[in-house]
Number of protein chains: 2
Amino acid sequence: MATDKVTSRLPEFLEKIERELDRAMEFWLTHSHDEENGGYFTCLGRDGKVYDDLKYGWLQGRQVWMYSKLYNEVERFHRADILEAAVKGAEFLMKNLRDPETMKCYFLVTKEGKPIKIQRTIFAECFYMLAMSEVARATKDLKYKEEAVKMLRKIQYWVQTDDTELGRPKLSGMTPVNGLAIPMMLLVLVDELSHDDISLAAEFRELQEWTVEQALQHIQRDGTVILESVSVEGKELPGCQGRHMNPGHAIEAGWFLLDYAVKNNRPELKDTAIQKFIVNPFKTGWDEKHGGILYFLDVDGLSPTQLEWNMKLWWPHNEALIAFLMAYKETGDVTYLEYFAQVFDYCFQHFTDDKYGEWYGYLSQQGEVTQDFKGGPFKGCFHVPRSLFMCEKMLKEMLKTQQNGVVNH
Amino acid sequence: MATDKVTSRLPEFLEKIERELDRAMEFWLTHSHDEENGGYFTCLGRDGKVYDDLKYGWLQGRQVWMYSKLYNEVERFHRADILEAAVKGAEFLMKNLRDPETMKCYFLVTKEGKPIKIQRTIFAECFYMLAMSEVARATKDLKYKEEAVKMLRKIQYWVQTDDTELGRPKLSGMTPVNGLAIPMMLLVLVDELSHDDISLAAEFRELQEWTVEQALQHIQRDGTVILESVSVEGKELPGCQGRHMNPGHAIEAGWFLLDYAVKNNRPELKDTAIQKFIVNPFKTGWDEKHGGILYFLDVDGLSPTQLEWNMKLWWPHNEALIAFLMAYKETGDVTYLEYFAQVFDYCFQHFTDDKYGEWYGYLSQQGEVTQDFKGGPFKGCFHVPRSLFMCEKMLKEMLKTQQNGVVNH
């Protein structure tokens, strides 16, 4: 039976994922540390060689978060060198990445930390907050937590009250938009900051509920699709912007929502997260001819204007691995494990690199590597290890439960 | 002989190019006019259907210029409907695209002309100036010329004196950069505005010489390559930015410089333009395996970080057609006509659309159409007709000379 066959692969999945996580972390720990200035190099070639020494704000924050998370939650990564590297990164962030008065963070700085570029959005700030929140747990140093709380309050203010400080000009033809990225990010930020702090959880409870409502507005066309941008009233927007779909992003939002639904005992939301945010976008986004998840689609089947629409990027596949394994774990429905296996096989045939570790990030529609570097302006120590870490954890829990005979899906 | 063979193709080139120009213009004239609001729709599908009604500032200006240029210089396009469409576009531009006080132009407006996005660069302003300069000749209306002169003075001020008004934040890690786009654009702007006005030509003479000097600084690595961005001292910059090559852009700069060299009787500059800006980048950028000109390259052969680096875009091919035909016309060296034929054949096998006219804009490395629209946020009524118009003109001149027996290359 197909069902038996895929469940019997759980130990294989675990073994390969553990190995890849070790190799990915070894890659970043070996090649990315800037011993002279602090912070991390992220433009790293296939073999880890630095091909550009600029430092991208999103990726600095994400790497601090990833190091701290693994230090806090995985025994074999609870190592002094990893803690030290996380702290050095956090200090680089605090010193160079955010303006202490405005709390705005830079998108790009020189290796020494001098600012080059600032975005008029909230994302560098979100990853800064994630970094501070998790390094606070690793170090038990309250200054980081205070920094994280201060930043989340600021982000909430920008998103819900007044975004003037972000510096975007207000032009008369602009339409206010509900982009999926904002509620998604905020949902995670609140969970990361407050899951072990009752008083903070209470403070941000309403915000979290608001993010869920905002995310659900992206379900469009009688529940069949997730559109990346909708109006603030939750209606479809005109033109390319309105028709834009990002299957990997919808799937990522799906597991954020699924996790929230499980933690808050919300069965209806759990079902919505799985069917509408994970399964439907996956089916729409999967390339039947060549395999892999397409990057962007137009809901009416027109050509997306983004030139990279038909490429296969690493991160949607990382998100799909987490999403389907979580869906299987939380429902016992083996269909989701079969989807997981489908994505897993594509990843291990196309993205992994047996020679140097970490994954390639960018493939053509046909699945050929188009960019051979392991890190770049938008790819750092984040999606690959986060996905492998979460899948390893879920697989271990499921295998343990199986062994104990408590549940056998 | 190969040489005989390619020169014997001149009438074929002319015939096909004339036909494509007619079909391209028919496409824009039929599908792109917004009769209600003025201005042009440029997001047009394969068959001309509007798939987004936003108006992009660069493309509005370019279309006014193209219509006016063809009206002014080509007998069969000297038509009342084309003039009217150019004027309506120019009025839309003046009314909606530029701020009368700051002279800054919007990058994106709604179909009604309400502003959505403004860039902190000078390019929307450059295309605005081109539009005004050429529609002034078509209409003999001085208000357009005054507008063009005022804008060029403003652009010169921003580029050479103070760019504060562009609104870019000054951050301490920024390195001043000489990007090839700026001198290229200014070289053309001055020529377009002043080629029939001695007093304006005198006013901007120094500026034009400065643009040539700035452009020549991009010749790097012992004269073998054109790098897109160099330091203001003309040295190679570190990292990806320093190694970035855009062969199509170098070739375009090449024919701008060649044209300037011919007009100003500068034989050394003529040779530099052909060898360093046209031939070398073409040889580096040509994809020997699949044909066509690659979009971006890294001078050290690393993977470019731009996801679209290996695609084949229409406009570098349009620029190469102009550049090689001009090089052949100005030297009589048949090698350049062979390069022209190589590009011509690729274009007519891959970019043309026998059913609906205009060219596809975006192909995969293998030469398959990845986006089937004819117009989009960055593709309007410009590169295809400009190239066909210029090539038609040069071919006619050459064939006429041949017939008269004056010169036979």
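Conventions adopted
- Residues numbered from 1 in each chain as written.
- Chains lettered and ligands numbered in written order.
- Predicted model: local features only at pLDDT ≥ 70, side-chain atom pairs only at ≥ 80, totals over all residues.
- Heavy atoms only, no water.
- Least-squares fit on C-alpha atoms with pLDDT ≥ 70 in both.
- Contact = heavy atoms within 4.5 Å.
- Buried area = accessible area lost by both parts, 1.4 Å probe.
- Salt bridge = Lys/Arg side-chain N within 4 Å of Asp/Glu carboxyl O.
- Polar contact = N/O pair within 3.5 Å; in protein donor to acceptor, adjacent residues only side chain to side chain.
- Pairing = 2+ DSSP bridges.
- Helix = DSSP H or I, 4+ residues; strand = E, 2+ residues; numbered from the N terminus.
- Domains from an automatic or database assignment.
- Expected span 1.5 Å × (residues − 1).
- Bend = angle between axes of the 7 residues up to and from the residue.
- Buried < 20%, exposed > 50% of the residue type's maximum accessible area, 1.4 Å probe, protein only.
- 1 Å grid on protein atoms, 1.4 Å probe; cavity = no way out; pocket = protein on both sides within 12 Å on 5 of 7 lines; lining within 4 Å.
- Points joined across faces, edges and corners; volume = space filled by probe spheres on them.
- Nonpolar A, V, L, I, M, F, W, Y, C, P; charged D, E, K, R; others polar.

Visitor: Quick question: what am I supposed to make of the relation of the copies chain A and chain B here?
Guide: Both copies of the chain are related by a screw-like operation: a rotation about an axis and a shift along it. Mapping chain A onto chain B calls for a rotation angle of 180° and an axial translation of 0.0 Å; the resulting RMSD is 0.0 Å. The transformation just described matches what one would write down for a two-fold rotation axis. When C-alpha positions in chain A are compared against the rotation axis, the closest is assigned to Glu308(A), at 3.1 Å. Mapped onto chain B, 100% of the interface residues of chain A are again interface residues, and the two copies thus contact each other with one and the same surface.

Visitor: Before we go on, may I ask you to explain the interface of chain A and chain B in this structure?
Guide: Think of interface size as the accessible area that goes away when the parts come together; that is how it is often given. Facing the 38 residues of chain A at the interface are 38 residues of chain B. Together chain A and chain B conceal approximately 2800 Å² of surface at their shared face, both sides included; 59% is due to carbon and sulfur atoms. On the surface where chain A and chain B come into contact, there are zero salt bridges. Viewed at the interface, chain B and chain A are joined by 14 residue pairs in polar contact (both at pLDDT 80 or more).

Visitor: Teacher, can you tell me more about the sheet that holds strand 4 (residues 108-109) of chain B here?
Guide: Strand pairing in a sheet relies on backbone hydrogen bonds. The paired strands run either parallel or antiparallel. Residue and element names in this part refer to chain B. Pairing in this open sheet of three strands is antiparallel, and the strands run 3-4-5 from one edge to the other. On the outer flanks of this sheet lie strand 3 (55-56) and strand 5 (115-117), each paired with one strand and no other. When strand 4 meets strand 5, the two strands line up antiparallel, connected through two bridges. Counterpart to Val 109 in the pairing with strand 5 is Pro 115.

Visitor: I tried to follow the domain arrangement of chain A on my own but got confused; where do I start?
Guide: Residues and elements named next belong to chain A. In terms of domain boundaries, chain A breaks down into domain 1 (1-31 + 218-401) and domain 2 (34-164). Between the C-alpha centres of domain 1 and domain 2 there is a distance of 24 Å. At the junction of the two partners, domain 1 supplies 30 residues and domain 2 supplies 28 residues. On the surface where domain 1 and domain 2 come into contact, there are five salt bridges. Asp 353 serves as the salt-bridge partner of Arg 46, at 2.8 Å between the closest nitrogen and oxygen. At the junction of domain 1 and domain 2, the tally comes to eleven residue pairs in polar contact (both at pLDDT 80 or more). Of all the secondary-structure elements, those providing two or more residues to the side of domain 1 that touches domain 2 are helix 2 (10-31) and helix 15 (383-404). Considering each element in turn, the side of domain 1 that touches domain 2 owes the most residues, eight residues, to helix 2.

Visitor: Teacher, can you tell me more about helix 12 (residues 267-285) of chain B here?
Guide: Because each turn of an α-helix spans 3.6 residues, side chains separated by three or four positions in sequence point in the same direction. Residue and element names in this part refer to chain B. Counted at 1.5 Å a residue, the expected span for helix 12 with its 19 residues is 27 Å, and the 26 Å between its end C-alpha atoms agrees. The sharpest bend along helix 12 reaches about 25° and sits at Val 279, with the proline Pro 281 one to four residues further on. Within the sequence span of helix 12, burial applies to Leu 269, Thr 272, Ala 273, Ile 274, Phe 277, Ile 278, Val 279, Pro 281, Phe 282 and Gly 285.

Visitor: Teacher, can you tell me more about unusual backbone geometry here?
Guide: For residues besides glycine, phi is generally negative; the peptide bonds are generally trans as well. Here Glu358(A), not a glycine, exhibits a phi torsion of approximately 55°, which is positive. Structurally, Glu358(A) is set in the loop between helix 14 (334-350) and strand 13 (362-363).

Visitor: Is there a simple way to explain the sheet that holds strand 13 of chain A in this structure?
Guide: In spatial order, the strands read 12-13-14 (chain A); together these three strands make up an open sheet with antiparallel pairing. Of all the strands in the sheet, just strand 12 (312-313) and strand 14 (369-371) of chain A have a single pairing partner and so form its edges.

Visitor: Is there a simple way to think about empty space enclosed by the protein in this case?
Guide: A probe matching the size of a water molecule, rolled over the atoms, marks out where space remains unfilled. Applying the stated criterion across every chain, the model contains three cavities of 30 Å³ or more. Of the pockets and cavities examined, the largest cavity occupies roughly 70 Å³. As for the largest cavity, its lining consists of Thr224(B), Val225(B), Ile226(B), Met245(B), Asn246(B), Pro247(B), Ala250(B), Asn280(B), Pro281(B) and Thr284(B). Those elements giving two or more residues to the lining of the largest cavity turn out to be strand 8 (225-226), helix 11 (247-263) and helix 12 of chain B. It is helix 12 of chain B that contributes the most residues to the lining of the largest cavity, three residues altogether. Residues that form the lining of the largest cavity fall into these classes: six nonpolar, four polar and no charged. Put simply, the second largest cavity is a space of about 60 Å³. Considering the residues around the second largest cavity, the lining is formed by Thr224(A), Val225(A), Ile226(A), Met245(A), Asn246(A), Pro247(A), Ala250(A), Asn280(A), Pro281(A) and Thr284(A).

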